Amino acid sequence: MPFLSETLSRVKPSPTMAMTNKAAELRAQGRDIIGLSAGEPDFDTPANIAEAGRRAIAEGRTRYTAVDGIPELKRAICAKFKRDNGLNYAPGEVSVGTGGKQVLYNALMATLNPGDEVIIPAPYWVSYPDMVLLAGGTPVTVACGIETGFRITPDQLEAAITPSTKWFLFNSPSNPTGAGYSQDELKALAQVLLRHPHVWVMTDDMYEHLTFGDFRFTTPAQVEPALKERTLTVNGVSKAYAMTGWRIGYAAGPEKLIRAMAKLQSQSTSNPSSISQWAAVEALTGPQDFIAANNAVFERRRDLVVAALNDCAGITCPVPDGAFYVYPDISGCIGKTSAGGAAITDDEAFATALLEEEGVAVVFGAAFGLSPNFRVSYATSDAALSEACARIRRFCEGLR
Ligand SMILES: Cc1ncc(COP(=O)(O)O)c(C=O)c1O
């Protein structure tokens, strides 16, 4: 009898782990490594939010809470959906978990049966397909390349839907590409979904507030109210409020789904940290002006990185709408040999040689389901970004 569960064997080991380990190994040898793989803002949590956490401890708000969130936070989330998205939700339609990750996981675990399919546009956030597999479902990935701006088209969505489709799971602005869907693009996808009433929509709006230029964020239940009764709108405080370590995510959707998610959470982690929940109340109801200030910094870095990467031989880097990632195409580098003698057979070989020869750590595209690309997170200093881009350029110039 095997000791480890069969469920676990369905999940791949993290493809990024080998790169992370390699970077750590080189650093330990004293090499100067620039990491461009972090999935979190490099800003501190704003002082008023951190203070709300300290206050919660001082006031003894340190006990178990309601499983899926204190009423004060649920009310703050309802107010947020009204303010930012024009959506009306009651507290009973809101679930709070330990990060957006747990909320997504709960929703999939609470709804998937063997044979159920989940449509996931690729490139995707690394966790989606594995979460679907853990929940016993079947991920159906749809390749969305640079020619459509890494966005799924209505025709592609229509073609991917079968009688077994349970969810369409998507993310805008996207990790890893930064691509966002405009209101018109969402409307066109909604038209397809309206023709298939058995398909539910899980929208991961984690990067809602990290958008640039003329891009205007909208979310499916807002764009097509008829979808609201089968949409789970997932969001969280990690990215916009620089609170990745506090672990608070949330979602709003039909009450029967929210109740099922709470039932699951009640038998796993119970409530997310009481202290973090109070800090999240302050995040959602307190001043929001620092978001624009942080975005101005991210937009400047995005422009720096996009311009520098487009200057590298063999690389094409589209301009993203949001988040803090770029996802350049490296078709022009594949099949070549690096200055250090490595055969660049695919994007993993590119990233490995770049790390070994120039000390720049990026995540290769295969990890996100679309190649040949790599992901750069520009949530780091301008100086580190400029130096990293200069090294990438030198690496590309050395390819023969
Ligand atoms: C697209 C996307 N969704 C969800 C999450 C999870 O965020 P959280 O820190 O709230 O669990 C992340 C974090 O990297 C993400 O990039």
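Residues numbered from 1 in each chain as written. Predicted model: local features only at pLDDT ≥ 70, side-chain atom pairs only at ≥ 80, totals over all residues.

### Description of the overall build of the chain
Counting secondary structure elements, the chain contains 14 helices and twelve strands. For 400 residues, the compact-globule estimate of 2.2 N^0.38 gives 21 Å, and the chain sits close to it at 21 Å. Considered along the principal axes of its C-alpha atoms, the chain spans approximately 60 × 55 × 55 Å. Within the chain, buried positions represent 50% of all 400 residues. A separation threshold of at least 6 residues defines the contact pool for the chain, and within that pool the share at least 24 residues apart is 72%. (Helix = DSSP H or I, 4+ residues; strand = E, 2+ residues; numbered from the N terminus. Rg over C-alpha atoms; globule rule 2.2 N^0.38 Å. Buried ≥ 20, exposed ≤ 12 C-beta atoms within 10 Å, placed from the backbone. Contact = placed C-beta atoms within 7 Å.)

### Focus on the packing of helix H12 (residues 289–310) against helix H14 (residues 382–397)
Where H12 contacts H14, the two axes come as close as 10 Å, and the packing angle between them is 10°. Looking at the two axes, H12 sits roughly parallel to H14. Across from Arg301, Leu304, Val305, Ala308 and Leu309 in H12, the residues of H14 making contact are Asp382, Leu385, Ser386, Cys389, Ile392 and Arg393. Across the contact of H12 with H14, the residue classes tally to seven nonpolar, one polar and three charged. (Axes fitted to C-alpha atoms, helices over the stretch in contact; angles between N-to-C directions. Parallel < 35°, antiparallel > 145°, perpendicular 65-115°, else oblique. Nonpolar A, V, L, I, M, F, W, Y, C, P; charged D, E, K, R; others polar.)

### Concerning the sheet that holds strand S4 (residues 138–143)
The mixed open sheet is built from seven strands, whose spatial order is S2-S8-S7-S6-S5-S3-S4. With one partner strand each, in any of the chains shown, strand S2 (94–97) and S4 form the two edges of the open sheet. Strand-to-strand twist in this sheet, taken as the mean axis angle between neighbours without regard to direction, amounts to 20°. Note: strand S3 (residues 117–122) against S4, six bridges, orientation parallel. Note on S4: the bridge partner recorded for Glu117 is Thr138. Contacts from helix H4 (residues 71–85) reach S2 and strand S8 (249–252), with the element oriented near 115° to S2. (Pairing = 2+ DSSP bridges.)

### Remarks on the sheet that holds strand S11 (residues 363–364)
Strand order across the open sheet formed by three strands is S9-S12-S11, with antiparallel pairing between neighbours. This sheet does not close on itself; its edge strands, each paired only once, are strand S9 (325–326) and S11.

### Comments concerning the UniProt feature "domain: Aminotransferase class I/classII large" (unreviewed entry) in the chain
Per the UniProt record, "domain: Aminotransferase class I/classII large" (unreviewed entry) is found at residues 32–392. As annotated, residues 32–392 has a helix share of 39% and a strand share of 14%, and its two end C-alpha atoms lie 14 Å apart. (UniProt positions renumbered as here; feature names shortened; annotations may be inferred.)

### Considerations on the site of the ligand
The full set close to the ligand counts 13 residues, and Gly99, Gly100, Lys101, Asn175 and Ser238 are the nearest of them. Among the elements that take part in the shell around the ligand, helix H5 (residues 99–111) stands out by supplying three residues, more than any other. Looking at side-chain class alone, the shell around the ligand contains two nonpolar, nine polar and two charged residues. (Near = placed C-beta within 6 Å.)

### So, the packing of helix H13 (residues 347–358) against H14
One way to put it is that H13 packs onto H14 with a least axis distance of 10 Å and a crossing angle of 110°. Relative to H14, H13 is oriented roughly perpendicular. Contact residues: Leu354, Glu357 and Glu358 in H13; Arg391, Ile392, Arg394 and Phe395 in H14. Of the residues in the contact of H13 with H14, the class split is three nonpolar, no polar and four charged.

### A few points about the domain arrangement of the chain
Partitioning the chain into domains gives domain 1 (6–44 + 290–395) and domain 2 (63–285). Between domain 1 and domain 2, the C-alpha centre-to-centre distance is 26 Å. Contacts between domain 1 and domain 2 engage 31 residues on the former and 31 residues on the latter. Those elements that provide at least two residues to the side of domain 1 that touches domain 2 are H12 and S9. Ranked by residues supplied to the side of domain 1 that touches domain 2, first place goes to H12 with five residues. (Domains from an automatic or database assignment.)

### Notes on unusual backbone geometry
Glycine aside, residues mostly have negative phi, and peptide bonds are mostly found in the trans state. Residue Pro123 follows Ala122 across a cis peptide bond; omega there is 5°. Among the structural elements, Pro123 can be located in the loop between S3 and helix H6 (127–134). In the Ramachandran plot, Arg247 falls in the positive-phi region, its phi being about 65° despite a non-glycine side chain. For Arg247, a count of 20 C-beta atoms within 10 Å translates into the label buried. Look at Ala323: it is not a glycine, yet its phi comes out positive at around 60°. Structurally, Ala323 can be placed in the loop between H12 and S9.

### Brief notes about the environment of Ala226
Among the structural elements, Ala226 can be located in the loop between helix H9 (220–223) and strand S7 (231–236). Once the C-alpha coordinates of Ala226 and Ser274 are considered, the two residues, 48 residues apart in sequence, prove to be 35 Å apart.

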